[in-house]
Each structure stands twice: as structure tokens, then as C-alpha cells.
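Here is what each chain is made of, one letter per residue.
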Amino acid sequence: DVKVTQSSRYLVKRTGEKVFLECVQDMDHENMFWYRQDPGLGLRLIYFSYDVKMKEKGDIPEGYSVSREKKERFSLILESASTNQTSMYLCASTSWGGARISTEAFFGQGTRLTVV
Amino acid sequence: ILNVEQSPQSLHVQEGDSTNFTCSFPSSNFYALHWYRWETAKSPEALFVMTLNGDEKKKGRISATLNTKEGYSYLYIKGSQPEDSATYLCAQKTSYDKVIFGPGTSLSVIP
């Protein structure tokens, strides 16, 4: 059974704290993603990694950074948490598809982060 | 920014009704189109991955079509059931396997 696991289901942090959200996948997937989900806005891409140590900004990278030191692990870092980063965060992974092949994304269970 | 759009934003139907939603996307540099179902308190799960113009996929009562030339995909649900209540997301694969999602269509099926 394929698995994408996020380290926390619920998290409460204070404004200004450095926050780490961890995601691990056991499918040997090359690609990993971090999204945030807010009401009415769907899933918005924060960062994307297509290989170890490789990253690409998504649509809303401001205030976030990422780390991918190992293929199975992709970390999202909030350098200084702010209240507008209160949201549901979802990690996903896919295998490399090449130009005309595409494989489905597998998602973690989500982390609901509240910044107070 | 690559814009993937979905309509309607939300939909309420009676049990037994058939329904459909639309996903529109930029047709240039098309790679693939995904559909996902996202039920409350669960993770999104893939329904279909489509890559070719004219593709039609079916899974039980749910089917999808793809028109890459005009940049749209339709998702159809025949004979909606309460367990079909969920948010339906479409997503487009861009270069380097980046996957960009639309805002979703929230479906409520009333018993």
C-alpha cells in the first residue's frame, strides 16, 4: 500500500516561530510537492522538487522554503510563521513521467497549521 | 502562472440525478490532465489521468472526456449517490512534472 506520511495532523505555533512540516513517501517517487488549501482557493502550489536537492517555486513561495536532502523526504519550512500562514498543508508525490506520460499524485493526510 | 479553472464552484443535486463539471486549462504546451476526488477528512485520490486529445475514461458511474485543442475536460457522474459528495479537483501537468490544481467543484448529493 503506497504511502505519503506527514509528520503532524494538527499543529499550533506562535507568530515568529520557525516551523518545519515533514513529508515522507515510500514509493521511490522523484517528484514531491507542497500545497496549501484555503476555502474557495483549492490547492495552491508552494514548492515542487523533481530530484534530491532540486526545487522549483510554485505559485505562492513567499514566506516558505523547502529542503530535500533525501529522495523520500521533503520538508516545508516557515522561517517566521505569520497568522496568514494558518492553513491546511498537503504534501504529494508522483513518479517521473517524461514529456507525454503522467502519473497520478499520491497525497499525505494533511497538516492543519494554526499560527496564533 | 498557469491557470486551471473549474466550474461551477459548487453544486447541489438530488440523489439519482446525473451531473457534470468543467475544467478549463491553457491548451498550449499541454502534457496531461488529472481528475481527483477529495472527500472530507480524507486525502485527495486520483480518478483519471488523461494525456491524449479525445481521451475518454470511465470508472463505474464516473467518466471524463478531454479536449486538448480547446483546453477543456468534462467530468460526468451518472445517477449521483450521497457517497459521491466530495470536492472534485482537476489538475494540469506542466513541464518537469509540476502539477497545478484548479479551485475545485464541491458536489453535494441530497438523499
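Residues numbered from 1 in each chain as written. Chains lettered and ligands numbered in written order. Predicted model: local features only at pLDDT ≥ 70, side-chain atom pairs only at ≥ 80, totals over all residues. Heavy atoms only, no water.

Engineer: Any details on the overall build of chain A? Residues and values, ideally.
Structural biologist: For chain A, the helix and strand inventory stands at zero helices and 11 strands. At 14 Å, chain A has a C-alpha radius of gyration in line with the 13 Å of a compact globule built from 116 residues. Projecting the C-alpha coordinates of chain A onto the three principal axes gives extents of approximately 45 × 30 × 25 Å. For chain A, the residues scored as buried account for 48% of the 116 residues in total. For chain A, the proportion of contacts with a sequence separation of at least 24, taken over those separated by at least 6, is 56%. A total accessible area of about 5,600 Å² is found for chain A, and carbon and sulfur atoms account for 51% of it. Put simply, chain A has 16 plus and 15 minus side-chain charges, and the middle of one group is 5 Å from the middle of the other. (Helix = DSSP H or I, 4+ residues; strand = E, 2+ residues; numbered from the N terminus. Rg over C-alpha atoms; globule rule 2.2 N^0.38 Å. Buried < 20%, exposed > 50% of the residue type's maximum accessible area, 1.4 Å probe, protein only. Contact = heavy atoms within 4.5 Å. Areas by Shrake-Rupley, 256 points an atom, 1.4 Å probe, with all protein chains shown as cover. Lys, Arg positive; Asp, Glu negative; His and termini not counted. Charge placed at Lys NZ, Arg CZ, Asp CG, Glu CD.)

Engineer: How would you explain the nonpolar core if you had to name every residue and give the values?
Structural biologist: One recurring pattern in soluble globular proteins is that nonpolar side chains are buried together. In this structure, Tyr35 and Phe107 of chain A together with Leu33, Trp35, Leu75 and Phe101 of chain B are the most contacted members of the largest nonpolar core, which totals 40 residues. Val19, Met27, Leu78 and Ala81 of chain A belong to the second-largest nonpolar core, a separate cluster that totals 21 residues. (Core = buried A, V, L, I, M, F, W, Y, C linked by side-chain atoms within 4.5 Å.)

Engineer: Report on the sheet that holds strand 3 (residues 19–25) of chain A, specifying residues and quantitative values.
Structural biologist: Residues and elements named next belong to chain A. Strand order in this open sheet of four strands is 1-3-8-7, and the pairing throughout is antiparallel. Looking at strand neighbours, the two that pair on one side only are strand 1 (4–6) and strand 7 (64–70), the edges of this open sheet. Going across the sheet, the axis of each strand differs from the next one's by a mean of 20 degrees, ignoring polarity. Judged from the six bridges that link them, strand 3 and strand 8 (residues 73–78) form a sheet pairing that is antiparallel. From the neighbouring strand, Cys23 faces strand 8, where its bridge partner is Phe74. (Pairing = 2+ DSSP bridges. Axes fitted to C-alpha atoms, helices over the stretch in contact; angles between N-to-C directions.)

Engineer: Quick one: what's the story with the pattern of salt bridges, residue by residue and with numbers?
Structural biologist: Residue and element names in this part refer to chain A. Counted under the stated rule, the structure contains nine salt bridges over all chains. A salt bridge links Glu79 to Lys18, with the nearest nitrogen and oxygen atoms 3.6 Å apart. You can see Glu79 sitting in the loop between strand 8 and strand 9 (87–94) and its partner Lys18 sitting in the loop between strand 2 (10–13) and strand 3, a full 61 residues away along the chain. Through salt bridges with shared partners, a single network forms among Asp28, Glu30 and Lys71. (Salt bridge = Lys/Arg side-chain N within 4 Å of Asp/Glu carboxyl O.)

Engineer: Just give me the short version of the side chain of Ser75 of chain A, but keep the residues and values in it.
Structural biologist: Residues and elements named next belong to chain A. You can see Ser75 is positioned in strand 8. Within the local environment of Ser75, its side chain forms a polar contact with the side chain of Glu22, the two groups lying 2.5 Å apart. In this structure Ser75 touches Leu21, Glu22, Trp34, Ser65, Val66 and Ser67, once residues within four positions along its chain are discounted. (Polar contact = N/O pair within 3.5 Å; in protein donor to acceptor, adjacent residues only side chain to side chain.)

Engineer: Lay out the sheet that holds strand 8 (residues 72–77) of chain B with the relevant residues and their values.
Structural biologist: Backbone hydrogen bonds are what pair the strands of a sheet, in a parallel or an antiparallel way. All names here are of chain B. Spatially, 1-3-8-7-6 is the arrangement adopted by the five strands of the open sheet, whose pairing is antiparallel. Where the open sheet ends on each side, the last strands, each with one partner, are strand 1 (5–7) and strand 6 (56–59). Direction aside, the axes of adjacent strands within the sheet are offset by 15 degrees on average.

Engineer: Just give me the short version of the interface of chain B and chain A, but keep the residues and values in it.
Structural biologist: Contact residues are listed per partner, giving 24 residues for chain B and 30 residues for chain A. For the pair chain B and chain A, the summed buried area comes to about 2,100 Å², and 57% of that belongs to carbon and sulfur atoms. Close ionic contact of Lys98 of chain B with Glu56 of chain A constitutes a salt bridge, the shortest N to O distance being 3.2 Å. The interface formed by chain B and chain A contains four residue pairs in polar contact (both at pLDDT 80 or more). Counting only elements with at least two residues in the side of chain B that touches chain A, the list comes to strand 4 (32–38), strand 5 (45–50), strand 9 (86–93) and strand 10 (99–101) of chain B. The element that contributes the greatest number of residues to the side of chain B that touches chain A is strand 4 of chain B, accounting for four residues. Broken down by class, the residue content of the side of chain B that touches chain A amounts to 16 nonpolar, five polar and three charged. (Buried area = accessible area lost by both parts, 1.4 Å probe. Nonpolar A, V, L, I, M, F, W, Y, C, P; charged D, E, K, R; others polar.)

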